[in-house]
Amino acid sequence: MSDTHGISTDHQANAYAPGDEITGTVSWSFEQPPRRVELRLFWYTSGKGTRDVGIAARLQFDEPGAVETRRYRFVAPNQPHSCSGTLVSISWALELVSDPAVVAPRSELVIGPGQREIVLGEPAAG
Amino acid sequence: MIVLARLNPFRSERIEALPFRDGVRLGDAAAEPLLARFEALGRRGLLVGPHGSGKTTLREALERLLVARGWRVRSLVLAADRAIDRSALVALTADASPRDVLSIDGIDRLGWWSWRRVLRAADSAGGVLATSHAPGRLPLLLEHRTSPGLLRELVAELVDAETAERSSERCEALFARHRGDLRACLRVLYDDHAIAERSRPDETSAVAD
């Protein structure tokens, strides 16, 4: 059996306004109980220049067993908002980090006013 | 329509993830086998290549692996457009121990006296890793070579076949203009893509990704 991770969110669209609750479950499966399992809510940049990243919140799971599913809850931060222009995008994601490390898929999400990504250079609606 | 940066096929994280080939890699995956060679060279190794060929990225990847293996890495970046910071050089070389690996970006910018100072420190350090535009001073760990063909190959991995074919001549011209600096060429192609997509009449920003 290989070690695996999974993240799921209760909100199907995975889009939130600042202050909204971000909830869901994480699961992991190791051959031996891991020393540490932590869920991180973070933003990162992508685009033409150097990449940047910031961890907004982390949730460490106490006494993790070898195979488990646990619930999580974060509050969507006020900033930075998910946004994109031609040169840079700021995106949000959840990532499950463990020791021993396992390559885990990220769960991408949007955090912004009206639960939408701000698109720079796009005419304002209305 | 605008092309969102996170969808541009030439965005930096995709360029850094390009696989190793012909001595050139702009990302991390080449570091692991190179570390074995670094050990075989007595932990004295030089990454040689033109500007923008991925030397610094590879040096940083090697640094991360060395730290993960318990080494203490002391880094010094000698920027081409700035005078050498003597205090940083002193900090790099002072009291170097067998636990330390000295990592220097751009040793070809060091004068003879400064290089002697590094060599003296290297005698008591656990290793020396460096980048340079020219061989010499340390055993060759890897020589980065670039060519228009390599640029075309990298572009072909980033975009669909039709776009890659269309940009073939552009790659030749960019390679010549930027004197083999692949990173500079790929930055221009990032802008090219944004402009080309912007001028399209349709409403999607779909790209090969």
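Here the residue numbers are simple positions, counted from 1 along each chain's written sequence. Throughout, the order in which chains and ligands are written sets their labels, letters from A for the former and numbers from 1 for the latter. Residue-level local features of this predicted model are given only where pLDDT is at least 70; pairs of side-chain atoms are given and counted only at 80 or more, and the full residue set underlies all totals for whole chains, interfaces and linings. To get the side-chain values, take all heavy atoms of the structure and skip hydrogens and water.

Let's talk about the overall build of chain A
Secondary structure follows DSSP: runs of H or I at least 4 residues long count as helices, runs of E at least 2 residues long count as strands, and numbering of each begins at the N terminus. In terms of regular secondary structure, chain A is built from zero helices and ten strands. Mapped in sequence order, the helices and strands of chain A form the string β-β-β-β-β-β-β-β-β-β. Seen along its three principal axes, the alpha-carbon backbone of chain A occupies a region of about 55 × 30 × 20 Å. Residues counted as buried form 43% of the 126 residues belonging to chain A. In chain A, 69% of the contacts between residues at least 6 apart in sequence involve partners at least 24 apart. Accessible surface, chain A: about 6900 Å² in total, of which carbon and sulfur atoms supply 50%. Buried residues are those whose accessible area, probed at 1.4 Å on protein chains only, stays under 20% of the maximum for their type, while exposed residues exceed 50% and partly exposed ones sit between those limits. Contacts between residues were defined by any pair of non-hydrogen atoms, one from each residue, lying within 4.5 Å. In this description, accessible areas are obtained by the Shrake-Rupley approach with a 1.4 Å probe, and a residue is regarded as covered only by the protein chains that are shown.

Re the packing of aromatic side chains
Any two aromatic rings considered together are summarised by their centre-to-centre distance and by the angle between their planes. Residues and elements named next belong to chain A. Two aromatic rings from Phe, Tyr or Trp, using only the six-membered ring of Trp, form a pair when their centres are within 6.5 Å; if the ring planes differ by under 30 degrees the pair is stacked, by over 60 it is edge-to-face, and anything between is tilted. All chains considered together, the criterion is met by four aromatic pairs over all chains. For the ring pair W28 and F61, a centre distance of 5.5 Å and an interplane angle of 45° mean the geometry is tilted. Pair noted here: W28 is in strand β3 (residues 21-29) and F61 is in the loop between β5 (53-60) and β6 (67-75), with a separation of 33 residues, a long-range link. A relative accessible area of 2% means that W28 is categorised as buried. The exposure class of F61 is buried, given its relative accessible area of 6%. Residues Y72 and F74 carry aromatic rings whose centres are separated by 6.1 Å and whose planes lie at 40° to one another, so their mutual orientation is tilted. Residue Y72 is classed as buried on the basis of its relative accessible area, which comes to 2%. Cation placement over rings: the criterion is NZ of Lys or CZ of Arg within 6 Å of the ring centroid and within 35° of the ring normal. Looking at R106, its charged tip hangs above the ring of Y44, at a distance of 4.7 Å from the centre.

Details of the confidence of the model for chain B
Residue and element names in this part refer to chain B. Confidence of the predictor at the level of single residues is captured by pLDDT, which takes values from 0 to 100. Mean pLDDT over chain B stands at 85; residues scoring 70 or higher make up 88%. Within the model, the stretch residues 203-209 combines pLDDT values under 50 with 18 contacts to residues more than four positions away or in other chains. Scoring the predicted complex yields pTM 0.73 and, for the interface, ipTM 0.80.

Brief notes about unusual backbone geometry
Residues and elements named next belong to chain A. Going from Q79 to P80, the amide bond is cis rather than trans, its omega being -10°. Of note, P80 is situated in the loop between β6 and β7 (83-84). The omega angle of the peptide bond from D99 to P100 is 5°, so this bond is cis rather than trans. As for its placement among the helices and strands, P100 is situated in the loop between β8 (88-99) and β9 (107-111). Of note in this structure, E63 is not a glycine but carries a positive phi near 40°. Mapped onto the elements of the fold, E63 is located in the loop between β5 and β6.

Thoughts on the interface of chain A and chain B
Size of an interface, as often reported, equals the accessible area lost when the parts are brought together. Each side of the interface is counted separately: chain A has 16 residues, and chain B has 13 residues. Buried area is a sum: the accessible area each of two parts loses on coming together, probed at 1.4 Å, counted once for each and added. When the two sides are added together, the surface that chain A and chain B hide from each other amounts to roughly 1200 Å², 52% of it contributed by carbon and sulfur. Together, K48, R51 and T86 of chain A form the three largest contributors to the area buried by chain A at its contact with chain B, with a combined 50%. By salt bridge we mean one thing: a side-chain nitrogen of Lys or Arg within 4 Å of a carboxyl oxygen of Asp or Glu. At the boundary of chain A with chain B, the tally comes to two salt bridges. Notably, a salt bridge pairs R6 of chain B with E117 of chain A, separated by 2.6 Å at the nearest N-O pair. Here a polar contact is taken to be a pair of N or O atoms separated by no more than 3.5 Å, where protein atoms must pair a possible hydrogen donor with a possible acceptor and residues adjacent in sequence count only if both atoms sit in side chains. At the surface where chain A touches chain B, the tally comes to nine residue pairs in polar contact (both at pLDDT 80 or more). At the level of elements, β4 (36-47) and β8 of chain A are the ones that each hand at least two residues to the side of chain A that touches chain B.

What to know about the sheet that holds β6 of chain A
All names here are of chain A. The strand order across the open sheet formed by three strands is β1-β3-β6, and the pairing between neighbours is antiparallel. Each of the sheet's edge strands pairs with one partner strand only, and the pair in question is β1 (4-9) and β6. Here the average twist between neighbouring strands, direction ignored, is 20°. Inspection of the sheet shows β3 paired to β6 by nine bridges, in the antiparallel sense. Two strands qualify as a pair provided DSSP detects at least 2 bridges between them. Helix axes are fitted to C-alpha atoms over the stretch in contact, other axes to C-alpha atoms as well, and angles between N-to-C directions run from 0 to 180 degrees.

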